[in-house]
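Topology and contacts: notes
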Amino acid sequence: MVTTEAVPFAKSGGLADAVTALAQELDRAGHDVRLLMPRYYGIRRDQLFRFPSPLRVQIGEEHYESAVYEGRLPDSEVVVYFLDHEELFGRDGIYGVGGEAFDDNLHRFTVLSHAALTIGPRLGWEPEIIHSHDWPTALVPMLARRGQSSAHQPATVLTVHNLGYQGSYPVGMLPKTGLSWSELPESGLLHHDELNMLKAGILNADMVTTVSPTYAAEIQTPLHGFSLDQVLTSRSERLAGILNGVDYSLWNPERDHHLDVNYTAETVALKERSKSALQTELGLPVTNDVPLIGTVSRLVSQKGFAELLAPGYGALPTVLTEMPIQVVVLGTGEPEYEYQLRRLSDRFPNLTAIIGFDDGLAHRIEAGADFFLMPSRYEPCGLNQLYSLRYGTIPIVTRTGGLADTVRDVTPEGGTGIVLGHACPSEIINGIRRAVTMWKESPNQIAAVRRAGMKERYAWESAAGHYLEAYARAISYRASV
Ligand code: ADP
């Protein structure tokens, strides 16, 4: 697997969790899985083994020499190769800092993609499959095909974790990719007069996967296709939607070491102690009379933050004014949303906003909140609603992508959460009103919904089985070229 993120080394979102958990699961099933990723500043070298000589990557006329460090994913035999190149990766951010993307990302990730094909021969290790993740490494399928006879080509799989990020650049930057102008027409890179890395990946990979069945269908429509819907439809035979799993060794209220009090489905009453501990930590009044609604998220419009925060339009001031609730938001992202959250937090005593990235607090919010709000405009898979189910924290989600696949709206017959038709302020307000009414009037229903959610399991074992099927298909397509 070639990736820009993998926990515990570098993470900006769910991609990092998915890559590591999938690799570990495939390893447990007896497969030889290795990861290649950049060595950002945050990754310490002192515990890693350094290759005696550097890896040389040739891109057009230029060549790049990177030190390679070797480590392991925790609790596994999965080898991780870190590409250590000061000019390209010697910085703190993965894609940028403070919401600004680095302007040399095309260049940085092109070198990583080329390295994915160079490192195997150097090690005398030829993978049957190279699995890329998202636009930064979407050039790999195209590179894997060129210049080699098909007998030696690895099969390629591309997973689209989020179609909203495609890696679009001016055509004039083609030389940065290492492709020549004569290769451009066949490369699949051209899209609306720009280079589009993700498009090239979708067109060249032997198999394309995305992270939920509903999202796989949605991205083939103009509404969610981000202009690539027809490209995806043209490859629909090769497209599979595989729901991410949860790493229950980390996200489990029975054993979560971030909590003072652990609880199970049988002792879920103890969850109230997590709530009061969280209220104390956040400076909110300690009470169980009102529901506490939590959110942990990147603060971007995809996640519904315009619908929550836009001045004169957003739902959050309305619900904070009109309803007996407490709200906690943990996140970082677009400066506009960070600013609005700080402002509202000053204005409303029943809102605490923490602008930052804090894994421990994310766990304590999952455990201490009564409801978890995720009003995404679109959501490829979503992890927090899966964590919420496990923690007995009732998710409030829009009916889209992975949220639609994993949360069943509460009816008198059952259900696991509150499902909104789509992301808009009035739906959010109505959904929170439903939550408040349930909290006040139907404690038995709250208990039943919690129990139903806590029973659900989204194991990586089953997701890994689906990936193995996708790999087998990719290998057979490659063999038949
Ligand atoms: P996405 O990948 O689109 O950001 P997901 O729901 O798939 O969304 O995954 C988000 C992951 O990142 C979750 O594990 C979530 O807990 C974590 N996360 C997001 N923002 C923060 C934050 N500010 N602090 C701690 N964890 C965060």
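Residues numbered from 1 in each chain as written. Predicted model: local features only at pLDDT ≥ 70, side-chain atom pairs only at ≥ 80, totals over all residues. Heavy atoms only, no water.

Summing up its helical and strand segments, the protein has 19 helices and 20 strands in all. Computed over the C-alpha atoms, the radius of gyration of the protein is 23 Å, within 12% of the 23 Å expected from 2.2 N^0.38 for a compact globule of 481 residues. Sequence separation of at least 24 residues holds for 69% of the intrachain contacts in the protein that already meet a minimum separation of 6. A total of about 19,700 Å² of accessible surface is found on the protein, and carbon and sulfur atoms cover 51% of it. Of the charged side chains in the protein, 41 are positive and 57 negative; the average position of the first set lies 2 Å away from that of the second. (Helix = DSSP H or I, 4+ residues; strand = E, 2+ residues; numbered from the N terminus. Rg over C-alpha atoms; globule rule 2.2 N^0.38 Å. Contact = heavy atoms within 4.5 Å. Areas by Shrake-Rupley, 256 points an atom, 1.4 Å probe, with all protein chains shown as cover. Lys, Arg positive; Asp, Glu negative; His and termini not counted. Charge placed at Lys NZ, Arg CZ, Asp CG, Glu CD.)

A separate point is unusual backbone geometry. Apart from glycine, the bulk of residues carry a negative phi angle, and the bulk of peptide bonds sit in the trans form. With an omega dihedral of 5°, the bond running from V7 to P8 counts as a cis peptide bond. If you trace the backbone, P8 turns up in the segment before helix 1 (14-28). Residues other than glycine seldom take positive phi values, yet F226 does so here, at roughly 45°.

What follows is about the packing of aromatic side chains. Scanning all chains against the criterion turns up 14 aromatic pairs. Seen in terms of ring centroids, Y215 and Y378 are 6.2 Å apart; in terms of plane orientation they differ by 10°. Their pairing is stacked. Taken together, the positions of Y215 in helix 8 (residues 213-218) and Y378 in the loop between strand 18 (371-374) and helix 15 (384-390) put the pair 163 residues apart, joining distant regions of the chain. A relative accessible area of 0% means that Y215 is categorised as buried. For Y378, a relative accessible area of 8% corresponds to the buried category. Through a chain of ring-to-ring contacts, three or more aromatic side chains come together here, namely Y95, F109, W135 and Y169. Note that R91 overlies the ring of F102, its terminal NZ or CZ placed 4.6 Å from the centroid. Note that R238 overlies the ring of Y477, its terminal NZ or CZ placed 3.6 Å from the centroid. (Phe/Tyr/Trp six-rings, centres within 6.5 Å; stacked < 30°, edge-to-face > 60°. Buried < 20%, exposed > 50% of the residue type's maximum accessible area, 1.4 Å probe, protein only. Lys NZ or Arg CZ within 6 Å of the ring centre and 35° of its normal.)

On to the pattern of salt bridges, then. The tally for this structure, following the rule as stated, stands at 20 salt bridges. The partner of R45 in a salt bridge is D84, and the shortest N-O contact between them spans 2.9 Å. Taken as a pair, R45 in the loop between strand 1 (34-38) and strand 2 (49-50) and D84 in strand 5 (residues 79-84) lie far apart in primary sequence, 39 residues in all. The exposure class of R45 is partly exposed, given its relative accessible area of 36%. (Salt bridge = Lys/Arg side-chain N within 4 Å of Asp/Glu carboxyl O.)

Before going further, it helps to spend a moment on the layout of surface pockets. Looking at the second largest pocket, its volume works out to about 740 Å³. Lining the second largest pocket are 34 residues, with V7, Q24, D247, S249 and L250 sitting closest to its centre. Only helix 1, helix 14 (359-368) and helix 19 (460-479) provide two or more residues apiece to the lining of the second largest pocket. Among the elements that make up the lining of the second largest pocket, the one with the highest residue count is helix 1 (eight residues). For the lining of the second largest pocket, a count of residues per class yields 15 nonpolar, nine polar and ten charged. Two domains each put at least three residues into the lining of the second largest pocket: domain 1 (14-245 + 461-479) and domain 2 (268-457). (1 Å grid on protein atoms, 1.4 Å probe; cavity = no way out; pocket = protein on both sides within 12 Å on 5 of 7 lines; lining within 4 Å. Points joined across faces, edges and corners; volume = space filled by probe spheres on them. Nonpolar A, V, L, I, M, F, W, Y, C, P; charged D, E, K, R; others polar. Domains from an automatic or database assignment.)

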